[in-house]
Amino acid sequence: MKTVEVVAAVIVRDAQVFATRRGYGEFKGWWEFPGGKIEAGECPQEALIREIREELDAEIEVGQLLDTVEWDYPDFHLKMHCFRCSLLHDQMHLNEHEASAWLTSETMHSVKWLPADEGLLPMIKDLL
């Protein structure tokens, strides 16, 4: 099975975490933490900064590694490095996603998460 290595930004602000709803592909309409694939020659932090620029027109500061999630989807194995991040500016624009939301510990279960992302919720509740 093919392994896909990606990064995800857990952007926290004012006791809320930022989530995006996919606007494409097999999991269209499911929620996730923004990010994407690591390209050749990139370290995970560089990939995350690039991906957030591409997806959200936003600048972030990448903090500590929270977890590396391993998940088997039907067609591939996912290895997702999840970093706590903060926005350097409040402006964002959705270039790839259909929607976004700032979720609290009370509202984070109100959306349909991708399975790999959902496993992070207990840890994120502790961050909020």
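Look up: the structure comes first, before these words.
Described in the following lines is the structure provided in the data block. Note that this is a predicted model, so its numbers are computed, not measured.

Regarding the overall build of the protein
Scanning the protein for helices and strands turns up three helices and seven strands. Ordered by position from the N terminus, the helices and strands of the protein form the series β-β-β-β-α-β-β-β-α-α. Radius of gyration (C-alpha) of the protein: 14 Å, near the 14 Å computed for a compact globule of 128 residues. Principal axes of the C-alpha set define a box for the protein whose edges measure 40 × 30 × 25 Å. Buried residues in the protein amount to 43% of all 128 residues. Taking as baseline every contact in the protein between residues at least 6 positions apart, the subset at least 24 positions apart corresponds to 66%. Taken as a whole, the protein presents about 6,700 Å² of accessible surface, with 47% of it coming from carbon and sulfur.

What to know about helix 1 (residues 44–56)
Taking 1.5 Å as the rise per residue, helix 1 with 13 residues should run 18 Å; its terminal C-alpha atoms sit 18 Å apart, in good agreement. Within the sequence span of helix 1, burial applies to Ala 47, Leu 48, Arg 50, Glu 51, Ile 52, Glu 55 and Leu 56. In this structure, the buried side of helix 1 is in contact with strand 1 (3–13), strand 2 (16–22), strand 4 (35–37), strand 5 (60–72), strand 6 (77–87) and strand 7 (97–103). Looking one or two places after helix 1, you find Asp 57, whose phi comes out positive at around 50°.

Here we look at the pairing of strand 2
When you tally the buried positions in strand 2, you get five out of seven residues, the bulk of the element. Direction of pairing for strand 1 relative to strand 2: antiparallel, over a ladder of two bridges. Counterpart to Arg 13 in the pairing with strand 2 is Gln 16. The turn joining strand 1 and strand 2, which pair antiparallel and follow one another in sequence, is formed by two residues; a positive phi near 50° is taken by Asp 14. Strand direction decides the pairing type here: strand 2 and strand 7, joined by six bridges, are antiparallel. The residue of strand 7 that forms the bridge with Arg 22 is His 97. By the bridge criterion, two bridges tie strand 2 to strand 3 (residues 31–32) in an arrangement that is antiparallel. When the bridges of strand 3 are listed, Arg 21 appears paired with Trp 31.

Regarding the state of the cysteines
Covalently bonding the sulfur atom of one cysteine to the sulfur atom of another cysteine gives a disulfide. Taken as a whole, this structure holds zero disulfides when the rule is applied. Summary of cysteine pairing: Cys 43 is not part of a disulfide, and the nearest cysteine sulfur, belonging to Cys 85, is at 12 Å. Of the cysteine sulfurs around Cys 82, a residue in no disulfide, the closest is that of Cys 85, at 9.8 Å. Its relative accessible area of 0% is what places Cys 82 among the buried residues.

Some details on the packing of aromatic side chains
Counted under the stated rule, the structure contains six aromatic pairs. Ring pairing ties together the aromatic residues Phe 27, Trp 30, Trp 71, Tyr 73 and Phe 76, which thus form one cluster. Sitting above the plane of the Trp 102 ring, Arg 13 keeps its charged end 4.0 Å from the centroid.

Analysis parameters
- Residues numbered from 1 in each chain as written.
- Predicted model: local features only at pLDDT ≥ 70, side-chain atom pairs only at ≥ 80, totals over all residues.
- Heavy atoms only, no water.
- Helix = DSSP H or I, 4+ residues; strand = E, 2+ residues; numbered from the N terminus.
- Rg over C-alpha atoms; globule rule 2.2 N^0.38 Å.
- Buried < 20%, exposed > 50% of the residue type's maximum accessible area, 1.4 Å probe, protein only.
- Contact = heavy atoms within 4.5 Å.
- Areas by Shrake-Rupley, 256 points an atom, 1.4 Å probe, with all protein chains shown as cover.
- Expected span 1.5 Å × (residues − 1).
- Pairing = 2+ DSSP bridges.
- Disulfide = S-S within 2.5 Å.
- Phe/Tyr/Trp six-rings, centres within 6.5 Å; stacked < 30°, edge-to-face > 60°.
- Lys NZ or Arg CZ within 6 Å of the ring centre and 35° of its normal.

In short, shape yes, function no, at least from these values alone.
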